[in-house]
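Each chain, letter by letter, is given below.
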Amino acid sequence: AGGITVNNGASAIIGVTDRLVAAGNAIRQNSGSGINIGFGAVATVAMNAITQNTGIGISVFHATAVISGGNTISGNPSGGVVATASRVALGDAGIGLTTVNQVSENGSPVGTGGVFAGVGTSMIIRDAQIQSNNGAGLIISLRSSVQMTGTTIRNNANDGIRLVLGAALLLL
């Protein structure tokens, strides 16, 4: 079981009030992923501490996620942000809050590290700090594409950025 699950076409705003005021949460030490967004769901995530869950920090599976900013995603052994066949904006300015997300100390040396985009995922990364992860900083795989701007990727245990199996990266 995870911390928060948004599934089957549901929608959620996590960490922000209905008036778009920061109201972050501590989503930590869950036996599974911190936040699961799946199967046609849409979620906005901002201003949260998503730490030390036993799975992924934020998992996006066949869904859409707007990970606005102000999130600290760390200490999740299966990866910080893992998106599969999804659309993700990591660092979105649309709700008027900070666009900076901290993604650190996630993953394992043989698995996913900080951020993973796979199976046709389309991702935009803006102003992220992806550092000191236990695997690669950013993995783009299986015909996924990422546009990235204003982002720092450093001190990760494996590759800073790894592109495999038809991946594309556009640096702006």
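Parameters at a glance
Residues numbered from 1 in each chain as written. Predicted model: local features only at pLDDT ≥ 70, side-chain atom pairs only at ≥ 80, totals over all residues. Heavy atoms only, no water. Helix = DSSP H or I, 4+ residues; strand = E, 2+ residues; numbered from the N terminus. Rg over C-alpha atoms; globule rule 2.2 N^0.38 Å. Buried < 20%, exposed > 50% of the residue type's maximum accessible area, 1.4 Å probe, protein only. Contact = heavy atoms within 4.5 Å. Areas by Shrake-Rupley, 256 points an atom, 1.4 Å probe, with all protein chains shown as cover. Lys, Arg positive; Asp, Glu negative; His and termini not counted. Charge placed at Lys NZ, Arg CZ, Asp CG, Glu CD. Pairing = 2+ DSSP bridges. Axes fitted to C-alpha atoms, helices over the stretch in contact; angles between N-to-C directions. Core = buried A, V, L, I, M, F, W, Y, C linked by side-chain atoms within 4.5 Å. Polar contact = N/O pair within 3.5 Å; in protein donor to acceptor, adjacent residues only side chain to side chain. Salt bridge = Lys/Arg side-chain N within 4 Å of Asp/Glu carboxyl O.

Some thoughts on the overall build of the protein chain
And step 1. In terms of helices and strands, the protein chain carries 0 helices and 20 strands.
And step 2. Rg of the C-alpha trace for the protein chain: 14 Å, near the compact-globule value of 16 Å for 172 residues, within the 12% margin.
And step 3. Structurally, the protein chain occupies a C-alpha span of about 40 × 30 × 30 Å along its principal axes.
And step 4. Within the protein chain, the fraction of its 172 residues that count as buried is 47%.
And step 5. Considering only contacts within the protein chain whose residues lie at least 6 apart along the sequence, 53% involve residues at least 24 apart.
And step 6. For the protein chain, the exposed area adds up to about 7,200 Å²; of that, 51% sits on carbon and sulfur atoms.
And step 7. Here the protein chain contributes 7 positive and 5 negative side-chain charges, whose respective centroids are spaced 5 Å apart.

Some words on the environment of valine 88
And step 1. Here valine 88 lies in strand E11 (residues 87–90).
And step 2. Considered as a pair, valine 88 and glycine 34 are 54 residues apart in the sequence and their alpha carbons are 17 Å apart.
And step 3. Excluding residues that lie within four positions of it along the chain, valine 88 makes contacts with Val60, Ala65, Ile67, Ala83, Ser122, Met123 and Ile124.

A closer look at the sheet that holds strand E5 (residues 42–45)
And step 1. Spatially, 7 strands are ordered E2-E5-E8-E11-E14-E17-E20 in an open sheet, and the strand pairing comes out parallel. Edge positions in the sheet fall to strand E2 (11–14) and strand E20 (168–171), since each has one partner strand and no second. Direction aside, neighbouring strands of the sheet carry axes that sit 10° apart on average.
And step 2. Examined bridge by bridge, strand E17 (residues 145–149) and E20 share 4 bridges and lie parallel to one another. By the bridge assignment, glutamine 147 is partnered in E20 with leucine 170.

Things to note about the side chain of serine 141
And step 1. Here serine 141 is to be found in the loop between strand E16 (138–140) and E17.
And step 2. Given the relative accessible area of 6%, serine 141 is considered buried.
And step 3. Excluding residues within four positions of it along the chain, serine 141 makes contact with Phe116, Ala117, Gly118, Val119, Val164, Leu165 and Ala167.

A short note on the nonpolar core
And step 1. Judged by nonpolar contacts, the single largest core of 30 residues is most densely connected at Ile35, Ile37, Ile58, Val60, Val115, Met123 and Ile125.
And step 2. Among residues more than four places away in sequence, those in contact with isoleucine 125 are Leu90, Val115, Leu138, Val146, Gln147, Met148, Thr149 and Thr151.
And step 3. Counting residues in each nonpolar core, the second largest holds 5 residues, with Ile56, Val82, Phe116 and Ala136 among its members.

Concerning the side chain of asparagine 156
And step 1. Along the chain, the position of asparagine 156 falls in the loop between strand E18 (152–154) and strand E19 (161–163).
And step 2. Residue class for asparagine 156 comes out buried when judged on its relative accessible area of 13%.
And step 3. Looking at asparagine 156, its side chain comes within polar contact range of the main-chain nitrogen of serine 132, at 3.4 Å.
And step 4. A polar atom in the side chain of asparagine 156 sits 2.9 Å from the backbone nitrogen of asparagine 133.
And step 5. The contact partners of asparagine 156, leaving out residues within four places of it in the chain, are Ile130, Gln131, Ser132, Asn133, Gly135, Ala136 and Gly137.

Thoughts on the pattern of salt bridges
And step 1. Within the structure shown, the criterion is met by 1 salt bridge.
And step 2. Close ionic contact of arginine 162 with aspartate 159 constitutes a salt bridge, the shortest N to O distance being 2.8 Å.
And step 3. Judged by relative accessible area, arginine 162 falls into the partly exposed class, the value being 27%.

Honestly, that's just the spatial picture; any functional story needs more than this.
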